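A look at the structure
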Amino acid sequence: MSHTTPEYAIKAEQLSRRFGDSLAVQKLDLEVEKGRIYGFLGPNGCGKTTTIRMLTGLLKPSAGKVHVLGFSLPEDAEKLRLRIGYMTQKFSLYDDLTVLENLKFIASIYGLTARQQKQRIAELLSIYGLQAKSKQLAGSMSGGQRQRLSLAAATLHKPELLFLDEPTSAVDPENRREFWEQLFDLSDQGTSILVSTHYMDEAERCHKLAILENGIKRADGSPDELMQQMGASVVEISSDELRQLKQTLTELPEVISAAQLGARLRVLVKDSVTDPIGFLSPHVSTNAEDQLSLVRPSLEDVFVTCTGSGRERV
Amino acid sequence: MNPFIRIRAIAAKELLQLKRDKMTFGMIVMIPLIQLLLFGYAINTNVRHLPVGVVDYSQSALSRVLVQTIGATQVVRFTQQYSNLPEAEAAIASAEVRAVLIIPSDVSQRLVRNPSVGMGSPSATDAETSRPVAQWLVDGSDTIVAGAIKGLRGMPLVELLDKPSNRKTPTFEVTLLYNPEQRTVVNIVPGLAAVILTMTMIMFTSAAIVRERERGNMEMLITTPVRPIELMIGKIVPYVFIGAIQVAIILGLGKLLFNVPINGNLMQLALATLLFITASLTLGLIISTIAKNQLQSMQMTIFVLLPSILLSGFMFPYEGMPQAAQYIAETLPATHFMRLIRGVVLKDVEVINMAGDMYWLALFTLGGLAIASIRFKKRLD
């Protein structure tokens, strides 16, 4: 198809992928706006990686249509390669090459001339704080350093669209914060980003996100939208006998889930209950110290509500 | 975009990885070096000093002189004496000796009447006079050993009787070209170059694609704009040089240590070698696109390597094989290179005169590259 300028970086309709008897991704509709950070939130095995592989042209969809940057996949996958960057879940650069050698290799593969290479690699080493490590073998670096190297390699050719598959899974919290700062910098420069994660705090940083479970999209929208449209209220209860209380409450049909957070119990009550505090009070012991309060929902609450995995959780 | 930049990038990357893999890097030099030394000294089809026994029913001075005369040929070495036939047969079966000489009690009568001694002039067709002097019992399961003993059949015996021999006129005059001294090593060394190249070249590249997959680099590599053919060429280029180094080691040491002549033109040799190296490398690449892991690629390498050693003419003459086996041998690059390298090195042939072999190697390389590139999919499914 001809290359027009679409408003969406990614548009997928009814995207499905089958592996043998199991459906890894089912009828996924997806619209990712340009210049935004879009998140895939879901547990391991929910189809995040499979979806990303289909969107990068590495896997052929069993059914459905995909347009990425206006190219239709999988037919135009080769033309798309120069314009996307992909950071794989597992470190996929060469362990037995140094940082510099890895970057030079990638730069040559993307056709940068010697002069361009030198300039771009110097730039990347400074952005990602790898100058001191440039002569070190990639295999001997820490998780955080390898992740920065991967990001440097994935963005070396200045792609319009960046795919990041669980980029922070092997990284400590300090490095995760920094990493997200770098993603926002890239986003600011106009790069569209699709990132998959199973961390709630990371998902909350995305402009928009989709919640996936068993290959099915359960919800999508901005984090605020998702929290508002959650269809449940959140009540926190302070009590001495939380374990017992949790048992009692989870058995009520109106309660979606109850999870203990230290000395408090976080209870999700369906929207059909107009006065959640009044509804819960009778079940809570009459102890004077016990308190019930309505709190702002978090993304985790959204996740629990729409994946329905709340009840099974301990 | 320039495909040469990408090919160079892949080739440079392969060389760097090879350099860091000390064991493999060492093998490049050690394999040809050690195997040449080992086989150059070890393999010899001129059998000498075979351990044999004797059963002497005559117990005469003549029989003892006969044994000494045979021993003087150095083909055999008498190590055992047996008193009877069953004992001798048991010794052959248990591999104590390879053959036993049975000297009959009437050995002296047999000898004087033997036509080769020429005492009288009875007709050689006479059953009485054409009786052999003695008998060899040979472990015939090894044809080379049997052949060596058979060679003793026409051994002159006149020295025993101190008389001039009946001159025999050979039916044919035989002139041995290229290896007049009949040294096995002259044939072995160029052949060894072909075998070692087959082994190392196929082995290096058969792991090439599989390794990227096993180490998890494949997902990154196929997301880049690199084309399969560029990847394939980039993967084989470094090994062309390595192959050239190995041939130089083998032929150079062959000349230095075993005095194997290099009669041919070096450019001709380089041309034939280059074609063979690329053919072997592409064969390895095809294996690499089929194998799922490095163990499988190793198994397939050996599957190709054995016929390359046994059918290519390295160990046994090509012409001795049945037609069907010859067809199989013809598909193997090693068979063609075996002819080419022996031709150029020993006989100073110009490769243009062996164009058929050259064409096959070239065709094999191009076809192999095409197959490997087509088989390599830039997808994970």
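Residues numbered from 1 in each chain as written. Chains lettered and ligands numbered in written order. Predicted model: local features only at pLDDT ≥ 70, side-chain atom pairs only at ≥ 80, totals over all residues.

At the junction of the two partners, chain A supplies 21 residues and chain B supplies 21 residues. Broken down by class, the residue content of the side of chain A that touches chain B amounts to ten nonpolar, five polar and six charged. (Contact = placed C-beta atoms within 7 Å. Nonpolar A, V, L, I, M, F, W, Y, C, P; charged D, E, K, R; others polar.)

Quick look at the confidence of the model for chain A now. Per-residue confidence for chain A gives a mean pLDDT of 87, with 94% of residues at or over 70. Ignoring residues within four places in sequence, the model shows residues 310-314 of chain A, a span with pLDDT below 50, making eight contacts including any to other chains. (pLDDT = per-residue confidence, 0-100.)

All names here are of chain B. Given a rise of 1.5 Å per residue, 15 residues ought to cover 21 Å, and the 20 Å separating the end C-alpha atoms of helix α14 (residues 333-347) matches this to within 8%. The buried count for α14 comes to 13 of 15 residues, which makes it a mostly enclosed element. The first or second residue beyond α14 is Asp 348, which carries a positive phi of 55°. (Helix = DSSP H or I, 4+ residues; strand = E, 2+ residues; numbered from the N terminus. Expected span 1.5 Å × (residues − 1). Buried ≥ 20, exposed ≤ 12 C-beta atoms within 10 Å, placed from the backbone.)

Attention shifts here to the domain arrangement of chain A. When the domains of chain A are assigned, the result is domain 1 (8-224) and domain 2 (231-296). For domain 1 of chain A versus domain 2 of chain A, the distance between C-alpha centres works out to 40 Å. (Domains from an automatic or database assignment.)

Residue and element names in this part refer to chain B. Mapping Val 107 onto the fold places it in helix α5 (residues 107-113). For Val 107, a count of 20 C-beta atoms within 10 Å gives the class buried. Considered as a pair, Val 107 and Ser 63 are 44 residues apart in the sequence and their alpha carbons are 7.2 Å apart. Contacts of Val 107, omitting those with residues within four sequence positions, involve Ser 58, Ser 60, Leu 62, Ser 63, Val 133 and Ala 134.

Here we come to the confidence of the model for chain B. Residue and element names in this part refer to chain B. On average, chain B scores 89 in pLDDT, and the residues at 70 or more come to 93%. The spread of mean pLDDT over the elements of chain B runs between α5, the lowest at 82, and helix α15 (residues 355-375), the highest at 95. In the predicted assembly, ipTM is 0.84 and pTM is 0.84.

Moving on: the packing of helix α10 (residues 228-258) of chain B against helix α11 (residues 266-290) of chain B. Axes are the key here: two packed helices are described by the angle between their axes and the distance separating the axes. Residues and elements named next belong to chain B. Where α10 contacts α11, the two axes come as close as 9 Å, and the packing angle between them is 135°. When the interaxial angle is binned, α10 and α11 end up oblique. At the point where α10 passes α11, the crossing takes the right-handed sense. Between α10 and α11, the residues in contact are Met 232, Lys 235, Ile 236, Tyr 239, Val 240, Gly 243, Ala 244 and Val 247 and Thr 273, Leu 274, Ile 277, Thr 278, Leu 281, Thr 282 and Leu 285, respectively. Taken together, the residues that form the contact of α10 with α11 break down as ten nonpolar, four polar and one charged. (Axes fitted to C-alpha atoms, helices over the stretch in contact; angles between N-to-C directions. Parallel < 35°, antiparallel > 145°, perpendicular 65-115°, else oblique. Left-handed = near helix turned anticlockwise from the far one by under 90°.)

Turning our attention to helix α12 (residues 294-310) of chain B. Residues and elements named next belong to chain B. For α12, built from 17 residues, the straight-helix expectation of 24 Å at 1.5 Å per residue is met to within 8% by its first-to-last C-alpha distance of 25 Å. For α12, every residue scored as buried is listed here: Ser 297, Thr 301, Val 304 and Ser 308. Relative to the axis of α12, the buried residues are bounded by an arc of 75° and lie together on one face. Residues of α12 that are exposed and point over 90 degrees away from its buried face: Leu 295, Gln 299, Ile 302, Phe 303 and Leu 306. The inward-facing, buried residues of α12 contact α7 (184-206), α8 (208-214), α11 and α14. (Arc of directions from axis to C-beta.)

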